[in-house]
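Observations on the three-dimensional arrangement
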Amino acid sequence: MNTPAPIKAQSCAHSPVLKERGQREVFCGLTGIIWLHRKMQDAFFLVVGSRTCAHLLQSAAGVMIFAEPRFGTAILEETDLAGMADANDELDREVARLLSRRPDIKQLFLVGSCPSEVIKLDLARAAERLTTAHAPHVRVLNYSGSGIETTFTQGEDACLAAMVPVLKESQARELVLIGALPDVVEDQAITLLSEMGIGPIRVLPSSRAEGAPEIGENTVFACLQPFLGETTAALERRGARRITAPFPFGEEGTTLWLRAIAEEFGVDDATFARVTDAPRVRARTAIDNASAALRGKSVFFMPDSQLEIPLARFLTRECGMEAVEIGAPYIHRGLVGPDLALIPEGPRISEGQDVDVQLDRVRTARPDLTVCGLGLANPLEAEGLSTKWAIELVFTPVHFYEQAGDLAGLFSRPLRRRAILEQGAAR
Amino acid sequence: MKLTVWTYEGPPHVGAMRVATAMRGLHYVLHAPQGDTYADLLFTMIERRDHRPPVTYTTFEGRDLGADTAGIFRDTCRAAYERFVPQAMIVGASCTAELIQDDPGGLAETMGLPIPVIPLELPSYQRKENFGTDETFFQIVKALAKPMPRSTEVSVNLLGPLALGFRHRDDIEEIKHLLAQMGISVNVVAPFGATPEHIARLGAAHANILMYPEHAEAAARHLERVCDQPYTKTVPIGVGATHDFVNELARICGVEPKIETTRLRQPWWSKSVDSTYLTGKRVFLFGDATHVQAAARIARDEMGFDVVGLGCYNREFARPIRTLAKEFGLEALISDDYLSVEQAIEEAAPEMILGTQMERHIGKRLGIPCAVISAPVHVQDFPARYSPQMGWEGANVIFDTWIHPLVMGLEEHLLTMFREDFEFHDDAGASHHGGKAVAPSAPTPKFQERAQDTSSDVMVWLACAEKELKKIPFFVRGKAKRNTEKFAAERGMSEISVDTLYEAKAHYAR
C-alpha cells in the first residue's frame, strides 16, 4: 500500500524557492541545550546572556526539567555592560564557582547569546583562557546559540561544529554518526550497521567526553539530522568524507540511508537484505496502521526545525499525504538535496518566514494538517485547522525502522482526535 | 553577572506582553531578534489562549546589525499598523534591541501614525517581569486616561488582572459578585479585556480596586493623583481580608457595606472537627508579595496553621514582606534565587509548602506536600472550572486546595498507630493521591545523608534513638528530629537516646 510512489520526471529539487524575510516565529539556537544537556552527561552549558535567555530555556520545552539541570545562564547585568574587562572577570568567577560545585563536569560550553554578541564579548578567547585555567580536568569550548546567528536546531549544529577541531586525529577507517539522538534510536542504528559487519561505529556527540570519536582523512561520516551543515563543513575540513543520503525517517528513508553506508563499506545485497528485510516489513506495517487517517490529506509545513523537507518526503511518499507548502528556516541543499529530489513537484517550497503573510497562505489553503510551532498551534486550532506542534518531532524518538509507525502516529493523532470529538459531538 | 538556573520572573518586555495580550485593540511592536517569539507560547500553551498575542517582532538578524535596524523597526511598525489597525500601539525593545539603541519610541513618534503610540522604557538589565507589567500598564493609563465627569451611579474600576495571572480570570467574577451586592457598578476592568477606548474612560469611576499591586500600583497612584480616585489597599483573598475589603470599599465609595455570605463555607469547614488535625501544621509561604501576604493571614487566622517561614521573590515589595515576617516572629526571605529558597525550606522542614510551581518541585524533591498560591504559573494553574482566589468562593477554593496535598486527619492517626504495616505505612504517602503503596523501605538516602550530617555536627543519634525516630510518621519526622537536636544542644548533650527524644517531645508538646 505504501510502496514509494514512482519519481516523476520533475521533483522539488528544481522547484523555485519562495524566500521570505519578516517576523519569524521560531526558537533561537539556545533551545538545543534542552536536549544536548541530557545527551552529553559530563557537559555543562553556560549561556552568557540575559534574563530573556534564562526564561526561554525554562519555557521552551513547555515544562521545567527539574532534575538538577546541566545548564544555566550567566545573566548580564547593568555593571557588565559598562566595561569589557569587568564582564570577563565576572565570567571567570562564575565559571570557577560552577566548576567547584560540579566536579563531575568535563566539558563546559560557553554559549553565546544575542546580547553577548552585540556587546562583542569574546567567548572564544574566554574559552581558551578558561581551558588553560582549568586544565586538564575540564575542556572549555564556545559556540553561538544566539537568535541573530542561529535558528532552533542550528544550535546543535553550532555546538557539534565547535567540538570538531578538538577531536583527536586518527587514520583509522571508521564510521562516525553525527547528531544527538535519543539513546534507544542511536542503539538501533548501531545494531543495524553492526549486523552488516560495519564497525567500529562512533557517534558525535558521545555521552561522555572520553568516548568522543577520533577524526582523520579515512573517517567517513553520516548525518542523522538534516541541520548539521556547519558540523559537516568542519568535519570535511579535517579531511573526513560525508556519505550522502536521504535522512532515516520512515521505511524508505531508513533503507536509503542504510544502503548508502552499506555501499560505502562494500556490504553485499544478501547481507543487507538479511539485516533489513524483517524491520522493513515491520516498519511498513506500522506505517500502514498509523497513517490510515493521513491518506489523501493535505499538509502545510511552517518553518521550524529544518526537519521539514525530510518529513515532507516521508508524509508524501510513505503516508499518502499531499504537501501544500514546505517551509524551512533555511535550505541546505547539500544535506536535504536527496530528500528534496524524492518529493514530486507540486508543493510550494519556502525558505525564511514572514509569519503573518504565511498564515494568510495557510488560511487560503486550509490544509488538513499544519505543522507549526507552539505559539501558532492553538490559535490555528481555534480557527478550525488541525495542527501538529513541531517541537515534539525533535523531542521524540522518530528515526529508523522501529519508530516509523510512531512518526506517522505523531501526525495522525491530531486528525484522529478531531474526528473522535466531532463524532462525539454529533451523537 | 549572576548564574541563574531557574527564574521566578521573565524579562520586563514579557511583562509588557502580559498587559498587551490581556487587552484588545492594542498592538505591541517589539524590537527584538529572532527567537524572542518564544514568549508567544507562554500565552498560547500555558494559558491555552485561542489567539496569538498581539505582538509583532522586528526579528533582526546578525547581518542587519551593521545595516539599518532602525529601518527594519519602522517598516515593521507600519506593516503592523496596516495589518492590525489597532486603537493604540505600544512600542519598545527587548534586551538585545536595548543594546543597539535604536530608540523605538522616538522612531515611532516620527512616523505620524494616526493613533496613540506609547513608548516603553523597560530596562532589561536592571528590572524584571513584574516591573514590566506595572510600568506598561502605567504608561498606557498615563497616555490615555484623563480626568472626566464621574458616572452618576457609584462605579469602580478593577485594576491589575492580566494575561498569565494566577486565577485572574475568576477573581474578576468574584469581585463583581461582591460589588453587585453593594450596588456598585463596574466602570472598566483593565488590562484584562479592556480596549484603549476603555482605558480612556477610567476617569468616570468613583474609585479604583487595586486587585494586584504587582501589576497596577503605579497606575492606581497615577489615577489617584490625576483623576482624584482613591483606591483600595486591601486585597480580598481570605475571609478576613474580604470582610476588610468590603468595609474599606464601602467607606471609600460612601455606601453601606453589604455582606452576603451564604456561599461561604470555609469558616465552618475549618471549625468542623475533621479539621482538628490541621492545628499547628507547620507551613512555609513563598510567592509574589500580594499572595504571600494574604496566605499568611489565612494560614494563621483561618486555618490554624503555624507559619514557619515566609518570603517573596519580587524585591519591589521587600519592605511590606519584612514587616509582615516580623509580625510572625520570622525573618523574611527576599530572593529570586531558586536554590536559596530550596535551602531555606529544607532548613525550616515544614509540613507543607504554600508556594509557586517552583516550590512545588522543591516539595517533590524534599518529600513535602505543596499547594500553589501564586505565579509563576503552569498549565495546571488554568483550570477549566471556576476557581477564584478572591472573595467568598476564593476562600472556599483555598481551603480545598490547601488541604488536598495533606494526609487526612484519621489517616494520619492510623499511620501513627500502625506505622509498620506492610502496605499502609509512611512511604505510601497520602492514600487519596493514588496507589503508590510500596514496600516499606529503609530510610531514603536523603534522610541517611542528613543523619550523617548531624553526626558531623557533634550530635550523635544512638542506634536505638534513630530507630525510634524512624517510627515517627514521615510528615512530622523532620520536625521531631530538629526539635530533639535543638533540645539536646540547648542542654549541652552530644548524644541522643530514646529518652532524649521523648523528653524533647514532652518539652515541645502543644
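Residues numbered from 1 in each chain as written. Chains lettered and ligands numbered in written order. Predicted model: local features only at pLDDT ≥ 70, side-chain atom pairs only at ≥ 80, totals over all residues. Heavy atoms only, no water.

1. So, the overall build of chain B
To keep it simple, the criterion reads: Put simply, DSSP marks the helices as runs of H or I at least four residues long and the strands as runs of E at least two long, and each gets a number from the N terminus on. Each residue is placed in one exposure class: buried if its accessible area under a 1.4 Å probe, protein chains only, is under 20% of its type's maximum, exposed if it is over 50%, and partly exposed if it falls in between. It only takes one pair of heavy atoms within 4.5 Å for two residues to be counted as in contact. Residue-level accessible areas treat just the shown protein chains as cover; the underlying method is Shrake-Rupley with a 1.4 Å probe.
The helix and strand inventory of chain B stands at 21 helices and 15 strands. Burial statistics for chain B: of 510 residues in total, 60% are counted as buried. In chain B, the share of contacts with a sequence separation of at least 24, taken over all contacts with a separation of at least 6, comes to 71%. Total accessible area computed for chain B in this model is approximately 20700 Å², and 53% of it derives from carbon and sulfur atoms.

2. Let's talk about the interface of chain B and chain A
The following threshold applies: Two parts placed together each lose some accessible area; with a 1.4 Å probe, that loss summed over both constitutes the buried area. Every case where a carboxyl oxygen of Asp or Glu lies within 4 Å of a side-chain nitrogen of Lys or Arg is listed as a salt bridge.
With 55 residues of chain B at the interface, the matching set in chain A holds 62 residues. With both sides pooled, the region where chain B packs onto chain A buries about 5100 Å², and carbon together with sulfur makes up 60% of that total. For chain B, the biggest contributors to the area lost against chain A are B:Met1, B:Trp6 and B:Gln34; these three give 19% of the whole. At the boundary of chain B and chain A, one finds five salt bridges.

3. A closer look at the sheet that holds strand β7 (residues 201-204) of chain A
All names here are of chain A. Definition in use: By definition, two strands form a pair when at least two bridges between them are found by DSSP. Inter-axis angles, ranging from 0 to 180 degrees, are taken between N-to-C directions of lines fitted to C-alpha atoms, where helices are fitted over the stretch in contact.
Strand order in the open sheet formed by four strands is β7-β6-β8-β9, and the pairing between neighbours is parallel. Lying at the two open borders of the sheet, with one neighbouring strand each, are β7 and β9 (241-242). Note: strand β8 (residues 220-223) against β9, two bridges, orientation parallel. Bridge pairing in β9 places Val220 opposite Arg241. Where helix α8 (residues 183-195) meets the sheet, its contacts fall on β6 (175-178) and β7, and the angle it forms with β7 comes to roughly 155°. Sheet contacts for helix α9 (residues 229-237): β6, β7, β8 and β9; angle to β8, the most-contacted strand, approximately 180°.

4. So, α8(A)
Residue and element names in this part refer to chain A. Using the following cut-off: Multiplying 1.5 Å by the residue count of a helix minus one yields the expected span of that helix. This arc is taken over the directions from the axis of the helix to the C-beta atoms.
For α8, with 13 residues, the first-to-last C-alpha span of 18 Å sits near the 18 Å given by 1.5 Å per residue. All of the buried residues along α8 are Val185, Glu186, Gln188, Ala189, Leu192 and Leu193. All buried residues of α8 project into a common sector of 160° when viewed along the axis, lining one side. Where α8 is buried, its residues touch α1 (33-39), β6, β7, α10 (250-264) and α11 (269-290). Positive backbone phi, at 90°, marks Gly197, one or two positions downstream of α8.

5. Structural notes on the sheet that holds strand β9 (residues 282-287) of chain B
Residue and element names in this part refer to chain B. Strand order in the open sheet made by the five strands is β11-β10-β9-β12-β13, with parallel pairing throughout. Both edges of this open sheet fall to β11 (333-334) and β13 (370-372), since each of them pairs with a single strand only. The sheet contact formed by β9 and strand β10 (residues 306-312) spans six bridges and is parallel. Across the sheet, the residue bridging to Leu285 is Leu310, located in β10. On top of the sheet, helix α15 (residues 357-366) reaches β9, β12 (352-355) and β13; it is set at about 170° to β13, its chief contact.

6. Looking at the environment of B:Met111
All names here are of chain B. Inspection of the secondary structure puts Met111 in the loop between α5 (104-109) and β5 (117-119). On the basis of relative accessible area, Met111 is assigned to the buried category, the value being 11%. Note: C-alpha distance between Met111 and Cys77 (34 residues apart in sequence) is 8.9 Å.

7. Concerning the packing of aromatic side chains
How we decide: In this analysis, rings of Phe, Tyr and Trp, with Trp reduced to its six-membered ring, are considered paired at centre separations within 6.5 Å, and the interplanar angle assigns stacked below 30 degrees, edge-to-face beyond 60, and tilted for intermediate values. Charge-over-ring contacts are defined here by two conditions on Lys NZ or Arg CZ: a distance within 6 Å of the ring centre and an angle within 35 degrees of the ring normal.
Scanning the model with the defined rule gives 11 aromatic pairs over all chains in all. Seen in terms of ring centroids, A:Phe109 and A:Tyr143 are 6.0 Å apart; in terms of plane orientation they differ by 70°. Their pairing is edge-to-face. Of the two residues, A:Phe109 is situated in strand β4 (residues 107-112) and A:Tyr143 in strand β5 (residues 139-144); the sequence distance between them amounts to 34 residues. The pair A:Phe109 / A:Tyr143 is uniform in exposure class, with both members buried. An aromatic cluster is present here, built from A:Phe27, A:Trp35, A:Phe152 and A:Phe395 joined pairwise through their rings. The cationic tip of A:Arg173 hangs over the ring face of A:Phe265; the distance from NZ or CZ to the ring centre is 4.5 Å. The ring of B:Tyr231 has B:Lys233 lying over it, and the distance from NZ or CZ to the ring centre is 3.9 Å.

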